[in-house]
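Observations on the three-dimensional arrangement
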Amino acid sequence: MPRRRLHLSLAVAAALTLGGALAATLAVSVAVGRLESGKVALAFQQRAGVRVAAIHQGLDEAVEVLTVTNQLFGAVQPVTRDQFHDFTTPLLARYPFIQAFNFHRRVGAAERVSVEAELAAIVPGVRITEMVGGHRSVAPARAFYSIVDYLEPMAGNEAAFGLDVAPNTRVMAALERATVSGRAASTDLISLAQDTRSNGGFQVIMPVYRAGAPLATAAQRRAARVGDTAAIIRAGALVQKILDGGKLQTDPSVQMWVYVGARADPARLVYASAGAPAAPPPALAGSRLERWLAPDTRISVQHTRDIAGQPWHVIVGQAERALLPDHIGSLSCLLGGILFSLLMTAFVQTLVQRSRRVQRLVNERTADLKLSNQRLIDDVAARGRAEHALQLSEQRFRQLVAMSSDWYWEQDAELRFVNITGGIDEKGGMPPERLIGRTRWEAVEGMQASAWGQAHIAQVMAHEPFEDLEYATRDDFGELRWFCVNGEPLFDERGNFSGYRGTGTDITARKLTEQRIGHIAQHDVLTGLPNRSLLQDRLAEAVAYSARSARPVWVMLVDLDRFKFVNDSMGHKAGDVLLMTIAARLRSALRDTDTVARLSGDEFVVILAEHDDEQLAPDIVQRLMDAIAQPVILGTKEFFVTCSIGVAVHPPNGAASDSLIEHADIAMYRAKKLGRNNFQFYTPAMNEEAMERVRIESALRNALERNEFVLHYQPQVNLASGQIVGMEALIRWQHPELGVVAPSRFISVAEETGLIVPIGAWVMRTACRQNKQWQDAGLGALRVAVNLSARQFAAPDLLADITGVLEQTGLAAACLEIELTESLFMSDVTTAVEVLHGMKSLGVNLSIDDFGTGYSSLSYLSRFPIDVLKIDRSFVSDIASDASDAAIVASIIALAHNLKLSVIAEGVETAEQLDYLRRHGCDEMQGYYFSRPLAADHFEHLLRQRACLPPDAAAGAVRAA
Ligand code: C2E
Ligand code: MG
Ligand code: MG
């Protein structure tokens, strides 16, 4: 607010205070004054009322007295002068304002003389008189007179005795009114005969009627009137008496004026208070304000009352009086208020002045402050902007740190952590407390002892920056966490080293991923064992160790026997379970330092390094085999899995490390060859065999093209008839260098390489064509049996091929028998059933070769459309020597017959065997006892010879028909 305006407003405040206080004072004073006036007026009105009432009461009483006197005349007739005297005397004493009591007698003209005489008897010389001009004179002759006859008291009133009032119209008018009304009537003011100086009195008159006259109407009363009684009353005295009686005249503040008549006619004034003016003052004609200020300054009460037909007017007024006593309150208010107003004004004035001073000071200080504030504001704004920018930058930094996976760290000159931000706790699982106050190598276990730790310590001691330092440490939960840190040295202004700062990040996830990838790359997914790649590393390590320690290292190749059969028969899942089980058994049978790796399929490699506490010995290999040979539950079935193990030893034979596995493989092959479920140590001779196998494989690829295969035929003889009923086609390989190679040497290779499919097709075609030729040559409707390998059985166009061969050769399907092994059916039974039915629908015969050696589930026998069971040679060969084998053979025969299958025994070499088979009802036989497999021409020769088996074994071997 501007200074001037403030001053002005303060001065106005002082003036307003004064004006307001005075106005309030005045208003209060006036209000109090009006209250006071009201109070005075009320008090006066009470006093006035008392006086007016007293006057009225007195006047009424006077009339009452006259009435009583009049009643004397009504009651007593005639009333004597003495009676009248006696009656009025006490009244006069009691009402001194009554001048006299009269009896006006009506006197006729004729009676004048006698009446005058009568009067004169009382007062000598009295005549009937009249008042004329204030003087009494003898009345002239009239028709009648109304004379003052009885008069009490006589003393003082003598002048009125014998006075004729008939000429007095006022008296006569009053008499007439009284006659008409029947009540007392008053005259106006009249001059009294007794007191002629003034009109100071009046008469109250009542007619006196003749006794017994009718008085019902005014005329009757007028006619009956014989006179009247009158009380002559001095008005002034009456009023005085009334007031004195009530002791009302003592109050000087009250003034009274009493008039006879309806108004304040000074001529008719009968009473005025002592000290009062002759006439009451007129009402105060002040201004409106004056009247408002003092509403009842002059109070008066006016009252008009009719007394005996005559109005009386009474004015009661307040005497002029000092204002002070009545208005002491309002005046006090006024004076006090004025004083208070002045004090308030002075106080406000002081305040105003003080506030002006304060305002001035404030203004000066404000100006100063404004100046310094502006500077301050400028300063603060500048600082605020800088701080804001700093905050923003810090906030951005924090957000960045929060968003990033990194944290930020600082170390002092002692390389101890002093500050770590950015949530190392959440991001790295490492509470900062574990680091604060410690160096990195104190906080990271094993760091000081490690080579990388030493390298790092040397680096930071040299105050060099470092990058991507990766290390692992355990968090509070014991979990291994990987960190990657970067750091740069810090130097103060003088170039002194002051510590390090840098960032850190948790790379555990990355490391784990790397490890996982590394693991996957180097381990077998199924078993979790090291794979071929890691195996090479381990092998190199083992060989290196061997070289250092001069201790041998054994490399074992473990191959499961007949795993392929399990895999094919039980399905791959069962195969997987088997492999995992074997892997676990191998692992648990060996030391942690030994390596067990999976090479492929069912092949495992074990690396054993010799240690001080245990020499390597064949027992260890046997222990491994025993562990593997424990039964395995696959699905609901129990399996006994054996393995074949080849062992290569380093360094005795000096083989290079990379040949170790190969040698072990060769040894394993040897073990397989030796009937499986055994182990073989590698010898250089084995290498020769392996080499031969390689040679066979390569030679086999050209054998078909070079027509090196031939078929030999082994006869099948009916035991009942002894006749050749069929033959089995058995392949022979006539290699130019190897000579004749037996199927056992190359069939497995052909199966492994898949060459068996074209070879098998050639066999079937050749066998069928040959059989057809022999049939066409009339050598009988023989049946030719052809072996079918698993690869062929699984070939999609098997049925088409068979159909094609039959069509091409023209051989009846019934003359073809296909030999299957049990293992063919087991991998996919549903498909096998389909294929078998397909073949069966072609009309060919189906036989199960080597029955009893494979997975002999009897259930498939009823499901598959099989015609023949071929009892394996191994059972037959031991019939004579092994009771259980003999029992098995007998059981198989019985079983086959129960299933409506025919049964043939193969590998029959002796008469005992033949005899046993015969006795047990075997249908057919095949074996050296009758004939070895023969080349086609030899077989044809045999046919042509009609060679047959004698019905009795004792009869000898083969005989020609
Ligand atoms: P296989 O099918 O069980 O054939 C019977 C084998 O027993 C033949 O051996 C046969 O010469 C031999 N043998 C027959 N009677 C006697 C006997 O009294 N005593 C002894 N010790 N052996 C006897 P081979 O010809 O060496 O054939 C061996 C195996 O090679 C056959 O066993 C068969 O599984 C397979 N094979 C032969 N030819 C073929 C072929 O063309 N295709 C396929 N897939 N496999 C064939
Ligand atoms: Mg066979
Ligand atoms: Mg066989």
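For the structure given in this document, a descriptive report is provided here.

Calculation rules
- Residues numbered from 1 in each chain as written.
- Chains lettered and ligands numbered in written order.
- Predicted model: local features only at pLDDT ≥ 70, side-chain atom pairs only at ≥ 80, totals over all residues.
- Heavy atoms only, no water.
- Pairing = 2+ DSSP bridges.
- Helix = DSSP H or I, 4+ residues; strand = E, 2+ residues; numbered from the N terminus.
- Axes fitted to C-alpha atoms, helices over the stretch in contact; angles between N-to-C directions.
- Contact = heavy atoms within 4.5 Å.
- Patch = residues over 30% accessible without salt bridge, like charges linked within 9 Å, V, L, I, M, F, W, Y side chains within 5 Å.
- Areas by Shrake-Rupley, 256 points an atom, 1.4 Å probe, with all protein chains shown as cover.
- Salt bridge = Lys/Arg side-chain N within 4 Å of Asp/Glu carboxyl O.
- Donors = N, O, S within 2.8 Å, 3.2 Å for Na, K, Ca; no water.
- Near = heavy atom within 4 Å.
- Polar contact = N/O pair within 3.5 Å; in protein donor to acceptor, adjacent residues only side chain to side chain.
- Nonpolar A, V, L, I, M, F, W, Y, C, P; charged D, E, K, R; others polar.
- Buried < 20%, exposed > 50% of the residue type's maximum accessible area, 1.4 Å probe, protein only.
- Expected span 1.5 Å × (residues − 1).
- Arc of directions from axis to C-beta.

Considerations on the sheet that holds strand 23 (residues 679-681)
Taken together, the five strands give an open sheet; going across it, the order is 18-19-17-22-23, and neighbouring strands pair in mixed fashion. Bordering the open sheet on either side are strand 18 (595-600) and strand 23, each of which pairs with just one other strand. Taking each pair of neighbouring strands and ignoring which way they run, the sheet shows an average axis angle of 20°. Strand direction decides the pairing type here: strand 22 (residues 643-650) and strand 23, joined by three bridges, are parallel. Across the sheet, residue Gly 646 finds its bridge partner in strand 23, namely Gln 680. Its contacts with the sheet place helix 17 (residues 618-628) against strand 17 (553-560), strand 19 (603-609), strand 22 and strand 23, and it is angled at close to 25° to strand 17.

Some details on a nonpolar patch on the surface
On the surface, a nonpolar cluster with roughly 230 Å² of combined accessible area is contributed by Leu 22, Ile 338 and Leu 342. When you line up the elements, Ile 338 lands in helix 9 (residues 328-403).

Considerations on the coordination of the magnesium ion (ligand 2)
Here the magnesium ion (ligand 2) is held by the protein donor atoms Glu 728 (OE), Asn 787 (OD1), Glu 819 (OE) and Asp 849 (OD), which lie 2.0 to 2.3 Å from it. Positions of the donor residues of the magnesium ion (ligand 2) along the chain correspond to the pattern E-x58-N-x31-E-x29-D.

Some thoughts on the site of ligand 1
Within the structure, ligand 1 sits among 20 residues, and Gln 714, Arg 732, Arg 873, Glu 909 and Tyr 928 are positioned closest to it. Between ligand 1 and the protein, one listed contact pairs an oxygen atom with a side-chain N or O atom of Glu 728 at 2.9 Å. Here ligand 1 has 780 Å² of accessible area as a free molecule, and 83% of this is covered by the chains. When contributions to the shell around ligand 1 are tallied by element, the ones reaching two or more residues are strand 25 (724-735), helix 20 (743-753) and strand 29 (845-851). Top contributing element to the shell around ligand 1 by residue count: strand 25, with four residues. Looking at the shell around ligand 1, its residues break down into eight nonpolar, four polar and eight charged.

Some remarks on the coordination of the magnesium ion (ligand 3)
Surrounding the magnesium ion (ligand 3) are the protein donor atoms Asp 849 (OD), Asp 850 (OD), Glu 906 (OE) and Glu 906 (OE), which sit 2.1 to 2.7 Å from the metal. When the donors of the magnesium ion (ligand 3) are listed by position in the chain, the intervening gaps give D-D-x55-E. The distance between the magnesium ion (ligand 3) and the magnesium ion (ligand 2) comes to 3.8 Å, with Asp 849 serving as a donor to both metals. Of this pair, Asp 849 sits in strand 29 while Glu 906 sits in strand 31 (residues 902-906), and the two are 57 residues apart along the sequence. Residue classification places Glu 906 among the buried positions, given a relative accessible area of 10%.

With respect to unusual backbone geometry
A cis geometry characterises the amide bond from Glu 152 onward to Pro 153, with omega recorded as -20°. Along the chain, Pro 153 turns up in the loop between strand 4 (144-152) and helix 4 (169-181). Despite not being glycine, Ala 308 has its phi angle at roughly 50°, a positive value. Within the element layout of this structure, Ala 308 appears in the loop between strand 10 (300-307) and strand 11 (310-318). Residue Ala 308 is classed as buried on the basis of its relative accessible area of 16%. Here Asn 707, not a glycine, exhibits a phi torsion of approximately 55°, which is positive. Looking at the secondary structure, you find Asn 707 in the loop between helix 19 (684-703) and strand 24 (709-718).

Side note on the sheet that holds strand 6 (residues 201-209)
Two modes of strand pairing occur in sheets, parallel and antiparallel, and in both the strands are linked by backbone hydrogen bonds. Within the open sheet, the five strands sit side by side as 4-1-7-6-5. Their pairing is antiparallel. Each having just a single partner strand, strand 4 and strand 5 (185-186) make up the two edges of the open sheet. Direction of pairing for strand 1 (residues 98-108) relative to strand 7 (residues 225-234): antiparallel, over a ladder of seven bridges. Across the sheet, Ile 98 pairs through a bridge with Ile 233, a residue of strand 7. Contacts from helix 4 reach strand 4, strand 5, strand 6 and strand 7, with the element oriented near 45° to strand 6. Across the sheet, helix 6 (residues 235-245) is in contact with strand 6 and strand 7; its angle to strand 7 comes to roughly 60°.

Observations regarding helix 28 (residues 883-898)
When the terminal C-alpha atoms of helix 28 are compared, their 22 Å separation across 16 residues agrees well with the 22 Å that a helix rising 1.5 Å per residue should span. Regarding helix 28, the residues found buried are Asp 885, Ala 886, Val 889, Ala 890, Ile 892, Ile 893 and Ala 896. Mapping the buried residues of helix 28 onto a view down its axis gives an arc of 155°, with all of them on the same face. Exposed side of helix 28, more than 90 degrees from the buried face: Ala 883 and Asn 898 are the residues found there. If you follow the buried residues of helix 28, they end up packed against strand 29, strand 30 (868-871), helix 27 (873-877), strand 31 and helix 29 (911-919).

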